[in-house]
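Notes for the structure review
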Amino acid sequence: MTNTDVAAPASTAAAPRPEEPRSTALKRAALLLVRGRTLVVLVILVIIFSSISSEYLTQSNLILMTKHVAINAILAIGVTFVILTGGIDLSVGSIAGLASMVAGGLLFNGLNFPGGTVFFSVAMVLLIGIVAGALVGAVNGLLITRLKVAPFIATLGMLYVARGAAQLHSDGGTYPDLAGTEARGNTGFGFIGADSVLGIPVAVWIMVVVAAAAIVVTTKTPFGKRIYAVGGNERAAVLSGIRVNRVKIAVYVISGACAALAGLLLTSELGAAYPDTATTYELNAIAAAVLGGTALAGGRGTIIGTVMGAFVIGFLSDGLVLVGVSTFWQSVVKGAVIIVAVITEQAQQRLQSDLTRRTA
Amino acid sequence: MKHLPARRALLAVSAASVLALAACGGGGDGSGSPGESAAPAASKLIVIITPSPDNVFFKAEQDAAAARAESLGYETLVLSHDDDPTKQSQQFDTAISRKAAAIILDNAGADASVTAIQRAKDADIPTFLIDREINKTGVAVAQIVSNNAQGAGLGGQEFAKLMGNKGEYAELLGKPTDTNAGVRSKGYHGVLDQFPDLKMVAQQSANWDQAEALQKTQTILQAHPNIKGIIAGNDTMALGAYAAVQAAKKDIVVVGFDGSPDVVSSIQKKAIRATVLQPASKIAQMAVDQADVYIKAGGKTDQPEKQSIDCVLVTADNADTVKNFAVEGS
């Protein structure tokens, strides 16, 4: 599909070409509308729900919904890195669960040595949790690059392995109380998930930081260019001297770390770690990326689009709960929105190639 | 292509580890192909199959059944079907090929489990059901379940009392496909609907899940700030709901169902207010005892097939006497 753009694989995804003499204005407008569809859908959702419930558009509900969005958005940002290279990461939900159990175990039981038990500070626990996620991501990356396992299979396998590891960690049990004690010096785990700074939940601040960093990395750095190049046309990327395997391992590490962070946020808010944490969240994350215009074939998509996709999913699910729609209909509506999003995605492709042909 | 040996090695390693795991679970059965080995006439193996021990409730079931069976001199094989009837069916095949003496089962579906149990019966292996019933009689030897309707009645009464018989409340339902979710909700409403001043303003399924209950409760509290109580279909959802209540710094009555240790300790701290204890350990032990009698009597039982065990209300008054899904002295 992208082979017409082989000459400049790195630039296919981003901005439209500056030279645009006399393409039909109508198609341009349509393209703009389709491009901004996530925003359009979001606005429509807000209008619909706020007309049904006066509670929907209140400040406190917007903050709450954004907080719910944060967890999925962070997962989805990580997954977007992977999808941009043409891969997929099905293991993020399980990695979130594993990180949750690792952190929960360290806070609740400490680390047992033959000589005694060591308790880490909360900052250290968070770091260990994220590193654990990154390591699982690295294993994914190595499986895919060194052993040539297809990304779908490798991460599907890891979905089970990481979930099993999370269950083994506590023998299936829950770490019920993660408040920590002063004596152990590990209080304050609730900060990232349950507290607010300047009236905005810490989880939302973290999402903003992660999104900003991801935007900078994907759009302003050579590494970001390489990600798009690998996803756009891997062969061309190899020929142009990009170390494709390194890029691929890196994106799975990023995805694993993001997943772990999301799991830690969820666990912090809940105040308890259980092995089923974040089950099936990988599907919500992938849905957010696809809704936001990330092409599963790779090479096309943006972080900001993914974040918008996460907002659509979150604002939709919370809205349906708020107005009291039954669980069954919630699933149907969510699925329908994702399918419609992909249909418009393809409409965008057609419009875009139409316009490109004309301007070329 | 040069990676092929590496892949093969990986495959071999994983296959070996699966085998090793299976051997551990099998309690050291030396035979590599149990299907063909001629088992001794009087098998001493009891197979215990339950949902995932992720939920402490099922873990307690497994532990109680296995401990009792081992104390009666049986070997045990403990398996988890993860609520997947297909997996459960395969585990029944394992039990049949191992010529088990009896199967203790917390099943994966009221209808979907019948054929597997029938298959075991045809192979002269009796099945004793615990916790969940199936929609057919005469297939299993016993169906020992806690009385969910009676328990939900108890929970509903206590909830109404804690609410002072008036005010707005929300209900968190279990997984819609699970019969117990419906039975408990019906039991709650059998009581709560009699109070005209008790008004249910929201009802959502949180699929038995703690994190989902947390988020849904937050949204529900947003929509209905005057809520005074939340009644949940099980304890994990009650814990999630309570986390949301705590975050909102509100004084809301939360009541659960199961009697899990985490909720019992929460009740001791006067956080969650009440739960309904299902005597999971007792039921599992009863099933093993009855299996033992049945095996020793050469295939006879003096108990009715359907046995219903009453649930016990747990509040701050008796929480100290509850341990591992059992109330002391009951």
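Bear in mind the structure is a predicted one, so any value in this text is a computation, not a measurement.

Size of an interface, as often reported, equals the accessible area lost when the parts are brought together. Each partner contributes residues to the interface: chain A has 34 residues there, and chain B has 26 residues. Both sides together, the interface formed by chain A and chain B hides about 2,600 Å², and carbon and sulfur atoms give 54% of it. Interface area lost by chain A to chain B is led by L147, L270 and V321 of chain A, which between them contribute 21%. On inspection of chain A and its partner chain B, the count reaches 1 salt bridge. For K59 of chain B, the salt bridge identified is with D171 of chain A, shortest N-O distance 3.5 Å.

All names here are of chain B. Pairing in this open sheet of 4 strands is parallel, and the strands run 7-6-8-9 from one edge to the other. Because the sheet does not close on itself, it has two edges, and the strands there are strand 7 (198-205) and strand 9 (253-255). Geometrically, the sheet is characterised by an average inter-axis angle of 20 degrees between neighbouring strands, direction not taken into account. Here strand 6 (residues 167-173) pairs with strand 8 (residues 227-232) via 5 bridges, running parallel. Of the residues in strand 8, the one forming a bridge with L172 is A232.

What follows deals with the pattern of salt bridges. All names here are of chain B. Evaluation of the coordinates by the stated rule reveals 15 salt bridges over all chains. Ionic pairing is found between D106 and R132, a salt bridge with its closest N-O pair at 3.6 Å. Pair noted here: D106 is in the loop between strand 3 (102-105) and helix 4 (114-122) and R132 is in the loop between strand 4 (127-130) and strand 5 (142-146), with a separation of 26 residues, a long-range link. Considered together, D106 and R132 belong to a single accessibility category, that of buried residues. Ionic contacts of the salt-bridge type, sharing partners, join the residues D83, D106, D131 and R132 into one network.

This paragraph deals with the packing of aromatic side chains. Residue and element names in this part refer to chain B. Enumeration over the complete set of coordinates arrives at 7 aromatic pairs over all chains. Residues F57 and F58 carry aromatic rings whose centres are separated by 5.3 Å and whose planes lie at 85 degrees to one another, so their mutual orientation is edge-to-face. Both residues of the pair, F57 and F58, belong to the buried class. Among the aromatic residues, ring-to-ring pairing joins F57, F58 and F325 into one connected group. The positively charged end of K44 is found above the aromatic ring belonging to Y74, 4.4 Å away from the centroid.

With that settled, consider the sheet that holds strand 5 of chain B. All names here are of chain B. Read from one edge to the other, the open sheet built from 6 strands follows the order 2-1-3-4-5-11, with strand pairing classed as parallel. Each edge of the sheet is formed by a strand with only one pairing partner; in this case those strands are strand 2 (75-80) and strand 11 (306-309). Neighbour-to-neighbour, the strand axes of the sheet open up by a mean angle of 15 degrees, direction not taken into account. Across 4 bridges, strand 1 (residues 45-50) lies against strand 3 in parallel orientation.

Glancing now at the environment of T219 of chain A. All names here are of chain A. The residue T219 is located in helix 8 (residues 202-220) in this model. Sequence separation between T219 and T302 is 83 residues, and the spatial gap between their C-alpha atoms is 8.8 Å. At 2.6 Å, the side chain of T219 and the backbone oxygen of I215 are in polar contact.

Residues and elements named next belong to chain A. Where helix 2 (residues 37-52) meets helix 13 (residues 303-322), the axes come as close as 9 Å, and the angle between the chain directions of the two elements is 20 degrees. Our classification of the angle between helix 2 and helix 13 gives roughly parallel. Considering only the axes of helix 2 and helix 13, their crossing is left-handed. For the pair helix 2 and helix 13, contact is made by T38, L39, V41, L42, L45, V46 and F49 and by M308, G309, F311, V312, F315, L316, G319 and L320, respectively. Each residue belonging to the contact of helix 2 with helix 13 can be placed in one class, and the counts come to 12 nonpolar, 3 polar and no charged.

Quick notes on the rules
Residues numbered from 1 in each chain as written. Chains lettered and ligands numbered in written order. Predicted model: local features only at pLDDT ≥ 70, side-chain atom pairs only at ≥ 80, totals over all residues. Heavy atoms only, no water. Contact = heavy atoms within 4.5 Å. Buried area = accessible area lost by both parts, 1.4 Å probe. Salt bridge = Lys/Arg side-chain N within 4 Å of Asp/Glu carboxyl O. Pairing = 2+ DSSP bridges. Helix = DSSP H or I, 4+ residues; strand = E, 2+ residues; numbered from the N terminus. Axes fitted to C-alpha atoms, helices over the stretch in contact; angles between N-to-C directions. Buried < 20%, exposed > 50% of the residue type's maximum accessible area, 1.4 Å probe, protein only. Phe/Tyr/Trp six-rings, centres within 6.5 Å; stacked < 30°, edge-to-face > 60°. Lys NZ or Arg CZ within 6 Å of the ring centre and 35° of its normal. Polar contact = N/O pair within 3.5 Å; in protein donor to acceptor, adjacent residues only side chain to side chain. Parallel < 35°, antiparallel > 145°, perpendicular 65-115°, else oblique. Left-handed = near helix turned anticlockwise from the far one by under 90°. Nonpolar A, V, L, I, M, F, W, Y, C, P; charged D, E, K, R; others polar.

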